[in-house]
Amino acid sequence: MESTRPYAINLPDVVAEVRQAFARYEVALTTNQVEVLDELFLDGPHTVRYGATENLVGTEAIRAFRQGRSPKNLMRSLRATVITTYGQDYAVADTEFTREGEPRIGRQSHTWLRCPQGWRIVAAHVSWMDAPKAPAA
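Just so we're clear, the structure is a prediction, and the values are computed from it rather than from any experiment.

Cut-off values and rules
- Residues numbered from 1 in each chain as written.
- Predicted model: local features only at pLDDT ≥ 70, side-chain atom pairs only at ≥ 80, totals over all residues.
- Heavy atoms only, no water.
- Salt bridge = Lys/Arg side-chain N within 4 Å of Asp/Glu carboxyl O.
- Helix = DSSP H or I, 4+ residues; strand = E, 2+ residues; numbered from the N terminus.
- Buried < 20%, exposed > 50% of the residue type's maximum accessible area, 1.4 Å probe, protein only.

A.B. asks: I'm lost on the pattern of salt bridges in this one. Help?
C.D. replies: Pairing is possible between side chains of opposite charge, provided their charged atoms come close. Under the definition given, this model contains eleven salt bridges. One salt bridge in this structure joins D38 and R63, with 3.8 Å as the shortest N-O distance. One end of the pair, D38, is in helix α2 (residues 34-40); the other, R63, is in helix α3 (residues 59-68), with 25 residues separating them in the sequence. Given the relative accessible area of 16%, D38 is considered buried. Since its relative accessible area comes to 24%, R63 is described here as partly exposed. A salt bridge links E60 to R63; the shortest N-O distance between them is 3.1 Å. Of this pair, E60 and R63 both sit in helix α3, three residues apart, which is roughly one turn of that helix.

Encoded structure:
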């Protein structure tokens, strides 16, 4: 069925807003600003964060995880970040990341929703994959 509701992909001003929210999240994550991380996830029972080793459903579970997480080894380097917006109020942000001493490549996806209080993450997923092997000589 074809949609009758018009929307625009990657409106420059909306992309800029989400990019700013995404950057704020990254700083909060790598400097363990738990209060900012809690703020950036939509407060409610339907917010989801699937991590590398945990499945968290609802704000309370996500907060409890953040409170108990070690603040060590949080720095990382991002690459291949793609932010795509759909209309004025919905966006996805995907990125790869690496950490010093970690041979695997991390992947992170966020679904962002514009709310009255600003952009909020409503779903997040983190996973790891083995780094590609160098071709044999």
